[in-house]
Amino acid sequence: MESNFNLAYKDTAPAKPLTKAVLNKMVWRSLNLQASFNYERMQAAGWLWSILPGLEAIHTNKDDLSTSMTHNLEFFNTHPFLVTFVMGIVLSMEQQKADINSIRAVRVAAMGPLGGIGDALFWFTLVPITAGITANMAISGNLAGPIIYFLITFGVQMALRYWLMYWSYDMGTKAIEVLTANAREFTHAASMLGVFVVGALTCNYGATKLGIVIPNGQTAEKVKQLVIENGNIVEKEVEKLKDVNIDIQAMLDGILPALIPLGLTLMCYFLIKKKSWSPTKCIMLLLVIGIVGCVFGIWAGDYKVPELLSAFIKWHK
């Protein structure tokens, strides 16, 4: 590999601390981390592009700059929202002209845990919660829904990018110890919160209900009715027959509300986890279940059964 050459910098004198302007520039450049994603080195090109202003400020010697760019173009993959944490640590070591193998080791050690932490923090927690709230606003026709979603998700990640850049740059390699000290507990807690949110969204937005009602005879009930007696209007109680039906959905709600959406969610989880189904297959299966259920009048909703099928159902009954 090319980066095995020139494993030491020629100019070993520590460089001047990076200015806020350079650090801020790299924060914004970090948004392009995955702009040149590839299957050989993942985010390596985007990583080098993001960190390049700092390397140029640190390495005034062109050979040292070339060496630094070469080893910073090696395989790299981490959570895009938390990448400035790794950038700050690496830049701190580059500034001190640390041994290149040490910089490599720290870069790999720092990028690994951030994947799990970032997924738990953003994809399983922040994004589902924000999307669940703002999607309901958008469905209601509120234009503020997608705007609020963008402001929250983009605002949180940018604030985190800035803070992590300055904090990790000042802390140096000590930042890794602080981050990984309780990484397992933090990731587990965030994952549990994400699962809790997904369950709440399933209950709140799972609108699948049964429309099956089974006739169960008639019952007499007394109702008040106005009648005319001797030319006068009087109110009397009269008995009327009322149809009695068994509402399957009401019975299910008495056992566990939103039981059908929960069952469909667990079915998809089982198919994806145990049967290696793709999400696309699950979507197609749900589509088929929905269409067939509507055709036969199984699901509740404001839809019309085709006339031919409706006539067949009436004939069958």
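Chemist: So what exactly am I meant to see when it comes to the overall build of the chain here?
Modeler: Helix and strand counts for the chain stand at twelve helices and two strands. Starting at the N terminus, the α and β elements of the chain follow one another as α-α-α-α-α-α-α-α-β-β-α-α-α-α. Long-range contacts, defined here as pairs at least 24 residues apart, represent 70% of the contacts in the chain between residues at least 6 apart. Accessible surface for the chain amounts to roughly 19,700 Å². Of this, 64% is attributable to carbon and sulfur atoms.

Chemist: Would you mind showing me how to read the side chain of Thr-130 here?
Modeler: The topology assignment puts Thr-130 in helix H5 (residues 100–139). Residue class for Thr-130 comes out buried when judged on its relative accessible area of 6%. Other than its neighbours up to four places away in sequence, Thr-130 contacts Tyr-149, Ile-152 and Thr-153.

Chemist: Got a minute to help me understand the packing of H5 against helix H6 (residues 144–171) in this structure?
Modeler: The description of two packed helices rests on the angle between their axes and on the distance between the axes. Here H5 crosses H6 at 160°, and the two axes come no closer than 7 Å. Our classification of the angle between H5 and H6 gives roughly antiparallel. Considering the relative orientation of H5 and H6, their crossing is right-handed. Packed against H5, whose contacting residues are Leu-121, Phe-122, Leu-126, Val-127, Thr-130, Ala-131, Thr-134, Met-137 and Ala-138, the element H6 presents Ala-144, Gly-145, Pro-146, Ile-148, Tyr-149, Ile-152, Thr-153, Val-156, Gln-157 and Leu-160 at the interface.

Chemist: Could you clarify how one ought to interpret the environment of Ala-159 in this entry?
Modeler: Residue position: Ala-159 is located in helix H6. With relative accessibility at 49%, the residue Ala-159 sits in the partly exposed group. Here the alpha-carbon distance between Ala-159 and Phe-81, two residues 78 residues apart in the chain, equals 10.0 Å.

Chemist: I would appreciate a short explanation of the side chain of Gln-249 in the present structure.
Modeler: Here Gln-249 lies in helix H9 (residues 248–255). Excluding residues that lie within four positions of it along the chain, Gln-249 makes contacts with Lys-209, Leu-210 and Ile-260.

Chemist: Got a minute to help me understand unusual backbone geometry in this structure?
Modeler: For residues that are not glycine, phi is negative in most cases, and the peptide bond is trans in most cases. One non-glycine residue, Met-42, lies in the positive phi region at around 55°. Tracing the backbone through its elements, the reader meets Met-42 in the loop between helix H1 (20–29) and helix H2 (44–58). Positive phi is not limited to glycine here, since Ser-276 has a value of about 60°. Considering the arrangement of structural elements, one finds Ser-276 in the loop between helix H10 (259–273) and helix H11 (279–295).

Chemist: How should H5 be read in this particular structure?
Modeler: Because each turn of an α-helix spans 3.6 residues, side chains separated by three or four positions end up pointing in the same direction. Within H5, the axis deviates most sharply at Asp-119, by approximately 30°. In this structure Asp-99 caps H5, since a side-chain oxygen of it lies 3.2 Å from the backbone nitrogen of Asn-101. At the exit of H5 stands Gly-141, carrying a positive phi of roughly 90°.

Chemist: Which parts of the structure should I look at to understand the pattern of salt bridges?
Modeler: One side chain can pair with another of opposite charge once the charged atoms of both are near each other. If you walk through the whole model with that rule in mind, you get five salt bridges. Note that Lys-97 and Asp-11 form a salt bridge whose closest N and O atoms lie 3.9 Å from each other. Of this pair, Lys-97 sits in the loop between helix H4 (83–95) and H5 while Asp-11 sits in the segment before H1, placing them 86 residues apart in sequence. By relative accessible area, which is 10% here, Lys-97 ends up buried. For Asp-11, a relative accessible area of 30% gives the class partly exposed. Taking the shortest distance from any N to any O, the salt bridge between Glu-40 and Arg-41 comes out at 3.9 Å. When its relative accessible area of 63% is taken as the criterion, Glu-40 is described as exposed. It is possible to trace a salt-bridge network through shared partners that takes in Glu-74, Arg-104 and Arg-107.

Chemist: How should the nonpolar core be read in this particular structure?
Modeler: Formed by 38 residues in total, the largest nonpolar core has its most connected members in Leu-18, Met-26, Trp-47, Ile-51, Val-86 and Leu-91. Elements with a contribution of two residues or more to this core: H1, H2, H4, H5 and H6. A per-element tally of this core places H5 first, with nine residues. Apart from residues lying up to four places away in sequence, Trp-47 is in contact with Leu-33, Asn-72, Phe-76, Val-83, Val-86, Met-87, Val-90 and Arg-107.

Chemist: Is there a simple way to explain the packing of aromatic side chains in this structure?
Modeler: Pairs of aromatic rings are described using the distance from one ring centre to the other and the angle between the two planes. Enumeration over the complete set of coordinates arrives at seven aromatic pairs. The lysine or arginine in question, Arg-29, covers the ring of Trp-49, its NZ or CZ lying 3.6 Å from the ring centre. One Lys or Arg, Lys-281, reaches over the ring of Trp-277 and ends 6.0 Å from the middle of that ring.

Definitions and cut-offs
- Residues numbered from 1 in each chain as written.
- Predicted model: local features only at pLDDT ≥ 70, side-chain atom pairs only at ≥ 80, totals over all residues.
- Heavy atoms only, no water.
- Helix = DSSP H or I, 4+ residues; strand = E, 2+ residues; numbered from the N terminus.
- Contact = heavy atoms within 4.5 Å.
- Areas by Shrake-Rupley, 256 points an atom, 1.4 Å probe, with all protein chains shown as cover.
- Buried < 20%, exposed > 50% of the residue type's maximum accessible area, 1.4 Å probe, protein only.
- Axes fitted to C-alpha atoms, helices over the stretch in contact; angles between N-to-C directions.
- Parallel < 35°, antiparallel > 145°, perpendicular 65-115°, else oblique.
- Left-handed = near helix turned anticlockwise from the far one by under 90°.
- Bend = angle between axes of the 7 residues up to and from the residue.
- Polar contact = N/O pair within 3.5 Å; in protein donor to acceptor, adjacent residues only side chain to side chain.
- Salt bridge = Lys/Arg side-chain N within 4 Å of Asp/Glu carboxyl O.
- Core = buried A, V, L, I, M, F, W, Y, C linked by side-chain atoms within 4.5 Å.
- Phe/Tyr/Trp six-rings, centres within 6.5 Å; stacked < 30°, edge-to-face > 60°.
- Lys NZ or Arg CZ within 6 Å of the ring centre and 35° of its normal.

Treat this as a map of the structure, not an account of what it does.
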